[in-house]
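Spelled out from the first residue to the last, the chains are:
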Amino acid sequence: MTQKPKPLSTIQINGPIPAAQARSIIEESLREAILDGRLPCGTALRQQELADLFGVSRMPVREALRQLEAQSLLNVVQHKGAVVAPLITNNAIETYALRSVLESFALRLSIPLLDAEDLALAGHYIEQLEAQTDHAEIGRLNRLFHMSLYHKAPNSKLLDLIERELNEEERFLRFHLSSMGLGKLTQDDHRALLEAATAQDIDRAVALLELHLEKACVTIRRYLEQQQSR
């Protein structure tokens, strides 16, 4: 009987890691492995194992794990240490209610500060989403589109909270979008949101965002209910 490979064996290390970049390289490597499922929910990440894998001391590993915990990708569990967090489950309604409050506030703060480059980048993400069929990439681009409209909000704590929720949604979309039976995803909501932001119509942009998030919440709630009834 062949042994199943350990999750950490899926992470490829390309040569020695410069000490000054160790924390960011470890964080990004683990983040991608969590988002694409190579490190499944519930996987325990031991500091010494990671230090040996990356060829570094435990300090940058510890710092990287703290960053991933702050992004809601890891939970700290007694006797197990850092563990890959579960995907969105029955708290989807609460998650989207919180997103609506946080993202609406960030959008209000950000729109007056957006420049032509910001708006062009948001439009570029929409174009990529229109053409994209890979569900993992759709999740990533969706997160980047929303953050491109919020990132000028002069409140780093607010943006950190929003990115945590978007990370959760990205993971959910990567693993469930193909089975949700949605067909090709329309970008009408995103285009309307970008148009309102470009016109500096803050109230309309916020109303469109709230409607967009409510529709997404209904879709995910319906899907989760169907999964539970099986």
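This write-up is about the structure you can find in this document. Note that the structure is predicted; figures quoted are calculated from it, not measured.

1. Describing the overall build of the protein
Link 1 in the chain: Helices and strands together make up the secondary structure of the protein, namely nine helices and three strands.
Link 2 in the chain: Ordering the α and β elements of the protein from the N terminus gives α-β-α-α-β-β-α-α-α-α-α-α.
Link 3 in the chain: Burial statistics for the protein: of 230 residues in total, 43% are counted as buried.
Link 4 in the chain: The long-range share in the protein, meaning contacts at least 24 apart out of those at least 6 apart in sequence, stands at 75%.
Link 5 in the chain: In the structure as shown, the protein presents an accessible area of about 12400 Å², 52% of it carried by carbon and sulfur atoms.

2. Regarding the pattern of salt bridges
Link 1 in the chain: Taken as a whole and assessed by the stated rule, the structure comprises ten salt bridges.
Link 2 in the chain: Asp203 is the salt-bridge partner of Arg108, the closest N and O atoms lying 3.1 Å from each other. You can see Arg108 sitting in helix α4 (residues 92–110) and its partner Asp203 sitting in helix α9 (residues 202–229), a full 95 residues away along the chain.
Link 3 in the chain: Judged by relative accessible area, Asp203 falls into the exposed class, the value being 53%.
Link 4 in the chain: Residue Asp115 is joined to Lys152 by a salt bridge in which the shortest nitrogen-to-oxygen separation is 3.6 Å. Residue Asp115 is located in the loop between α4 and α5 (116–131), and its partner Lys152 is located in the loop between α6 (135–150) and α7 (156–176); the two are separated by 37 residues in the primary sequence.
Link 5 in the chain: By relative accessible area, Asp115 is classed as partly exposed at 34%.
Link 6 in the chain: A relative accessible area of 24% places Lys152 in the partly exposed class.

3. Considerations on the packing of α5 against α6
Link 1 in the chain: Look at α5 against α6: their axes get within 9 Å of each other, and the N-to-C directions meet at 160°. With respect to α6, the element α5 is oriented roughly antiparallel. In terms of crossing hand, the pair formed by α5 and α6 is left-handed. For the pair α5 and α6, contact is made by Asp118, Ala122, Tyr125, Ile126, Gln128 and Leu129 and by Ile138, Leu141, Asn142, Leu144, Phe145, Ser148 and Leu149, respectively.

4. Topic: the packing of helix α2 (residues 47–54) against helix α3 (residues 58–70)
Link 1 in the chain: Contact geometry for α2 and α3: axes closest at 9 Å, N-to-C directions at 115°. Helix-helix and strand crossings are classified by hand; for α2 and α3 the assignment is right-handed. Where α2 approaches α3, its residues Gln47, Gln48, Leu50 and Ala51 are matched on the opposing element by Arg58, Val61, Arg62 and Leu65.
Link 2 in the chain: Of the residues contributing to the contact of α2 with α3, the split by class is four nonpolar, two polar and two charged.

So, how was this worked out
Residues numbered from 1 in each chain as written. Predicted model: local features only at pLDDT ≥ 70, side-chain atom pairs only at ≥ 80, totals over all residues. Heavy atoms only, no water. Helix = DSSP H or I, 4+ residues; strand = E, 2+ residues; numbered from the N terminus. Buried < 20%, exposed > 50% of the residue type's maximum accessible area, 1.4 Å probe, protein only. Contact = heavy atoms within 4.5 Å. Areas by Shrake-Rupley, 256 points an atom, 1.4 Å probe, with all protein chains shown as cover. Salt bridge = Lys/Arg side-chain N within 4 Å of Asp/Glu carboxyl O. Axes fitted to C-alpha atoms, helices over the stretch in contact; angles between N-to-C directions. Parallel < 35°, antiparallel > 145°, perpendicular 65-115°, else oblique. Left-handed = near helix turned anticlockwise from the far one by under 90°. Nonpolar A, V, L, I, M, F, W, Y, C, P; charged D, E, K, R; others polar.

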